[in-house]
Amino acid sequence: MRTYTSTRRHLQGVTSKQAILQGISEEGGLFVPEKLPIIDFTFAEMMTWSYQELAYRVMRLFFEDFTEEELRHCIGAAYDEKFSTPEIAPLVSTSQVHYLELFHGPTLAFKDMALSILPHLMLTSKQAAKDTSEIVILTATSGDTGKAALEGFADVAGTKIIVFFPEEGVSAVQKRQMTTQEGDNTLVVGINGNFDDAQTGVKMLFGDRELEGQLREKGYMLSSANSINIGRLIPQVVYYFHAYKELVAQGKVEMGMPMNVVVPTGNFGNILAAYYAKSLGVPIAKLICASNENKILYDFFQTGMYDRNRPFHVTTSPSMDILISSNLERLLYHLSGEDTEQVTEMMAGLREQGKYRITDEMKAQLEPFYGGYADDVTTATCIRQVYETEGYLMDTHTAVAYAVYKQYVHESGDVRPCVIASTASPYKFTGSVMAALQQIEVCEQDDFALIKELEKMLDEEMPKGIQGLETRPIRHTKVCEVNEMKSVVCDFLV
Ligand SMILES: *Cc1c(COP(=O)(O)O)cnc(C)c1O
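Description of the structure in this document. (Residues numbered from 1 in each chain as written. Predicted model: local features only at pLDDT ≥ 70, side-chain atom pairs only at ≥ 80, totals over all residues. Heavy atoms only, no water.)

1. Concerning helix H14 (residues 328-335)
- Burial within H14 is extensive, with eight of its eight residues counted as buried.
- Three or more residues of H14 are buried, namely Leu328, Glu329, Arg330, Leu331, Leu332, Tyr333, His334 and Leu335.
- Following H14 by one or two positions, Gly337 adopts a phi angle in the positive range, close to 70°. (Buried < 20%, exposed > 50% of the residue type's maximum accessible area, 1.4 Å probe, protein only. Helix = DSSP H or I, 4+ residues; strand = E, 2+ residues; numbered from the N terminus.)

In structure tokens, the structure reads:
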């Protein structure tokens, strides 16, 4: 049975179900598989599989304590007609690169790939624990995660979900997506404060022993949907197998020959999934890590020093505006030869001084990675150029990846087939995308008007996820102060 250990302490016998339910290890470490699995299928076999079949064959290697029936049920419930294409994650080629479109889920961003399955993995895990309490997901969001979690958990029996967002800190579309959320088990609350305030408030609720006791008595158990849960990470490994399969199927790469991947990165979850896929044998040569002006990862790859003592930039790719890439801890664990003491020390450095340095031995192992970054101007230029020359419209996050891809090719001359993880639909960041296209007159309009302009420009119907959004009834109007969050939670859970 494959078991999980922590990045900060050697553990024995933690099953994947326990790791999914617990989210994070008691001492603050992240769960990692004790040993990475070895695939028990060939790439030739994989060629005929649907996305769902591939998901099953990959995930079963990591989640060995799930029965076939349980895992297939979770996969079936996640990757269904909620996605606007039966391919789930289509690979779209232009003359230069291949875009792995991860944004065809209900909220138009790649977080749907994992958050559509996480609720089902959690429920199945809870049944195994013979725990009859109801799962309460508590999340702070700067926009994308909250909506994707709401969609994933809405009307899932045995769960409730509460999302706090900064009342003035999300886009009009993001806000409307959340405040119109259906499902009797959902609660969406605006905070008078910024994202950090919301995040800090949620963290305090998680650490509140009194609240935990009260909720236990009422039959509730608090849990989190954030990206350090292995129930979010492992489903993301699947689409790198899928990308390779599609490249081969479309004749873009010869079976067995390597590809490169570029991932627009924030919390380091998506690119870590690519690293796991490579470790499992997917022929990936370079893992290209793209940052926006918050280029802490670029600096880390250059110098071996991770240092968050720097200004925070608000960019046009807000889902990558992050200075603590939580999932990097898992990479450190693997690079250090599973040295939990070393990882613990580095994480203490991050907590106490805001920085740490990796050893030269560890740095030498970063060789498969390439770090790059792009500012907002470069990102906008790429959106316009690619649209004008290739007719392909990228969102701002994907465009950061594209910009870094260009730098990489320029620097290295490496022109291997390259897959860009395309993480959001251009309809989700319409303001920045239209501004990049220099549609000056439309830039004065609100997001909803811009969506209609974009629809016209592309001569297509807007994605299902935002159709009718403007006129959907608003179901959530509560706004509270940070110090009222606890009473809001208690009131909802009576
Ligand atoms: C969350 C997000 C990212 C960053 O992904 P990580 O796994 O946190 O590195 C990139 N693009 C979009 C659109 C996102 O929502």
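2. Quick word on the sheet that holds strand E15 (residues 479-480)
- One open sheet holds the five strands; their spatial order is E8-E5-E6-E7-E15, and the pairing between them is parallel. Whereas interior strands pair on both sides, the edge strands pair on one side only; in this sheet they are strand E8 (220-223) and E15.
- Of the strand pairs in this sheet, strand E7 (residues 186-191) and E15 are connected by two bridges, and their pairing is parallel. Within E15, the position partnered with Ile191 by the bridge is Cys480.
- Contacts between helix H6 (residues 118-128) and the sheet are confined to strand E5 (134-140), strand E6 (159-166) and E8, with E5 contributing the most and set at about 140° to the helix.
- This element, helix H21 (residues 485-492), spans E5, E6, E7 and E15 of the sheet and lies at about 155° to E6. (Pairing = 2+ DSSP bridges. Contact = heavy atoms within 4.5 Å. Axes fitted to C-alpha atoms, helices over the stretch in contact; angles between N-to-C directions.)

3. Remarks on the sheet that holds strand E9 (residues 259-264)
- Spatial ordering of the open sheet is given by E3-E4-E14-E9-E10-E13, a layout of six strands whose pairing is mixed. Every interior strand has two partners, whereas the edge strands, strand E3 (91-93) and strand E13 (369-373), have only one. Averaged over all adjacent pairs, the angle separating strand axes in this sheet is 25°, with direction ignored.
- Relative to E13, strand E10 (residues 284-291) is paired through five bridges, and the arrangement is parallel. When the bridges of E13 are listed, Leu287 appears paired with Phe369.
- Of the strands in this sheet, E9, E10, E13 and strand E14 (418-422) are in contact with helix H12 (residues 269-279), which crosses E10 at around 175°.

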